[in-house]
Structure formats: C-alpha cells, structure tokens
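Commentary on secondary and tertiary structure
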Amino acid sequence: MRAHDFQGLKVYRAVPKDKQTRKDGTPRDPRKLGRIHFPVFTADGMRMVGFMVTPPDVVGMIKQPDRFVAFDALSVYEGVFVVADDKGSYDKAAAKRLGIDLDACIIWCGMDVVTTSGKKLGYCEDADFNPKTGKVKSFFITAGVTATALLGNIEMPASYLRGYREGAMVVADEAASLEVSGGMAAKAAEASVVIGDKVKKGAQKFDEKGSAAVDKGSRALGKQLGKTRGMFSAFKDEFKKAAGPAPKKTSKK
C-alpha cells in the first residue's frame, strides 16, 4: 500500500456505536475531522505509524494545527475513512499506546535524499508499506514531478535507509545504482517510441515552471521538518509561522 494514496483524503470521526442509527432507522453521518496531510514514520523509517490530519478552518478563516492520527485507528464506515472515537486515536495518547515517541518520529516524504558519500538523488516522494503492520517495504525517490512522469522513479528498499543528516534522508551508496522504473518514457521505450526534441523541450519548460510550483507545495513541510528531529513540536512551530495571525473580520455595509 502506498502512503501517497491517502494524501488529501477526507477523514471523519467515527460515530459511537450506540448513536450510529437515527430513530427513523437511517445511518447517522460522521463528523468531518479533516484531510490526510503527511504520513508519519518511526525514526528508523521501518514503520509507518500514522498521519498528520489537517482539520477544517474554524468558521472558514481560523486555521487549526494538524493532528496526529494513528494508522491503526482508521477504518471504513459508510464508504468513508473514520477514526475510532477514542482518546488513544490521537496525538500523544496515540503515541503512548503505540509505544513511540512523536518527537523522535520523522515525516520522510518530501525530504531531500543523499547517499552516505554525499551524492544527491532527489527527494523522497512516497513509501510502500504493509497495511496491517505498517512495516515499510520501500521508499520512492524522484528528481522532480516531470522527471517522474517521463522517466519514472527509483524504488529503494527500506533497508537502504541509513538515517537523517542536516535536513536530508541519508541512504546507502548502493541506492545511486538502482534503476528507474515506471514513467511514460520507460513505457515508450518498451514500445520503441522515441521521445523527440520537441517533447524534451516541452518537458524542460514544464520543469522550469509547473513542476517547480508543485514541488514547492509538496515538499515544503517535509524539508522544514527535516531540519529537526522533533517532528511533532517542529510541525506546530512551522504551522504557526505559515498560518500567520488570524484574519480580521470586516463589517459589511
């Protein structure tokens, strides 16, 4: 299962069992908790333990900080993702139940990737993990949005992860020799289709403008959190800086 598949999905608070059905027999709708933002991993990168979920703005204006939601607290109810209505599903209570230290956890996705010898490989775009245990099988490394679309990305075994250093995911030197998989160019090559100069120029133009904007949004938080190992506290600090002061209400004339 890919972590990226969850990003942006709406999550709701589970309705208590004794309140799931209305008096008329129809199912009661769960309340919206927010949208899944980023996956959270243990510091060694071997396990995906949950997600940061962005709550809706209060009265449409005041931003609220993301909440950590344990992955094992998610389930499906009436076709949507819901979080168990229990204290142990969220934040530090969830961490205590899972036996992890949130301030030692890291959001690897979005972080720059370098080898132990210092070679830059791109950034971590995604992770493949076991949906039952959270055990990470592999990480996906890409050089950019267009590079992934045309050439694919590198699937790196989780065992190649060596740790964290100065805002980057450090991986084994062997990762630099892994072959790129997937992508339009790879598929085109299999069909003996040659990518012409016009396509290359168009891709370069997109890289300079379109992918730069997409990358900026998708990677910003990962890079900021990578600067410290304290994921949870760092997230709150970065959120406050990004959100700024609450906007003032203007009276209608």
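Per chain, residues are indexed from 1 in the order of the written sequence. For this predicted model, a pLDDT threshold of at least 70 governs which residues receive local features, and a threshold of 80 or more governs which side-chain atom pairs are given and counted, while totals over whole chains, interfaces and linings are taken from all residues. Processing note: side-chain calculations cover all non-hydrogen atoms of the structure and skip hydrogens and water entirely.

Moving on, we get to the overall build of the chain. When you go through the chain residue by residue, the secondary structure sums to six helices and 13 strands. Among the 253 residues that make up the chain, the fraction classed as buried is 40%. Computed with the Shrake-Rupley method and a 1.4 Å probe, the accessible areas treat only the protein chains shown as cover for residues. Accessible surface, the chain as shown: approximately 14,700 Å² in total, 54% of it carbon and sulfur. To qualify as a helix, a DSSP run of H or I must reach at least 4 residues; to qualify as a strand, a run of E must reach at least 2; elements of each kind are numbered from the N terminus. For every residue, the accessible area obtained with a 1.4 Å probe (protein chains only) is divided by the maximum for its type, and the residue is called buried under 20%, exposed over 50%, and partly exposed between those limits.

Time to look at the sheet that holds strand β4 (residues 67-70). Between any two strands, at least two bridges found by DSSP are needed for them to pair. With respect to topology, six strands assemble into an open sheet ordered β4-β3-β2-β1-β6-β5, the strand pairing being mixed. The open sheet terminates on both sides in strands that have one partner only, identified here as β4 and β5 (74-77). Put simply, the sheet's adjacent strands are angled 50 degrees from each other on average, direction ignored. Of the pairings in the sheet, the one linking strand β2 (residues 31-41) to strand β3 (residues 48-54) comprises six bridges and is antiparallel in character. Pairing of Phe38 across the sheet is with Met52, part of β3. Across the face of the sheet, helix α1 (residues 91-98) comes into contact with β3 and β4 while running at roughly 35 degrees to β4. Axis lines are fitted to C-alpha atoms, over the contacting stretch for helices. Their N-to-C directions set the angle, which ranges from 0 to 180 degrees. The contact definition used throughout considers only heavy atoms, calling two residues in contact when any of these lie within 4.5 Å.

Note: strand β11 (residues 161-165) against strand β12 (residues 168-171), four bridges, orientation antiparallel. Along β12, the bridge assignment pairs Leu161 with Val171. Turn length for the β11-β12 hairpin, with the two strands adjacent in sequence and antiparallel, is two residues, and the turn residue Glu166 shows positive phi of about 50 degrees.

Phe68, Phe139 and Met169 are the most contacted members of the largest nonpolar core, which has 47 residues in total. Secondary structure elements with two or more residues in this core: β2, β3, β4, α1, β8 (120-129), β9 (136-142), β10 (153-157) and β12. Those residues within four positions of Phe139 in sequence are excluded, and the remaining contacts are Phe41, Gly45, Trp108, Cys124, Asp126, Ala127, Ile154, Glu155, Met156, Ala158, Leu161 and Met169. The nonpolar core is taken to be a set of buried Ala, Val, Leu, Ile, Met, Phe, Trp, Tyr and Cys residues, with the residues joined through side-chain atoms within 4.5 Å. Of all hydrophobic cores here, the second largest spans five residues; its members include Ala14, Val15, Tyr77 and Val82.

Take a nonpolar patch on the surface next. A cluster of nonpolar side chains, contributed by Val58, Val59, Met61 and Ile62, occupies part of the molecular surface with about 310 Å² of accessible area. Among the structural elements, Met61 can be located in the loop between β3 and β4. Look at Met61 and you get partly exposed, because its relative accessible area is 31%. Only residues above 30% relative accessible area that lack a salt bridge enter a patch, with like-charged residues linked at up to 9 Å and the nonpolar side chains Val, Leu, Ile, Met, Phe, Trp and Tyr linked at up to 5 Å. Each reported salt bridge corresponds to a side-chain nitrogen of Lys or Arg within 4 Å of a carboxyl oxygen of Asp or Glu.

Before going further, it helps to spend a moment on the packing of aromatic side chains. The description of two aromatic rings rests on the distance between their centres and on the angle between their planes. Within 6.5 Å between ring centres, the rings of Phe, Tyr and Trp (the latter by its six-membered ring) count as paired, and their orientation is classed by plane angle as stacked under 30 degrees, edge-to-face over 60, tilted in between. Inspection of every chain in the model, using the stated rule, returns seven aromatic pairs. Their ring planes at 35 degrees and their centres at 6.2 Å tell us that Phe6 and Phe129 sit as a pair that is tilted. With a gap of 123 residues between them, Phe6 in the segment before β1 (10-13) and Phe129 in strand β8 connect regions that are remote in the sequence. For the pair shown, Phe6 and Phe129 are each scored as buried.

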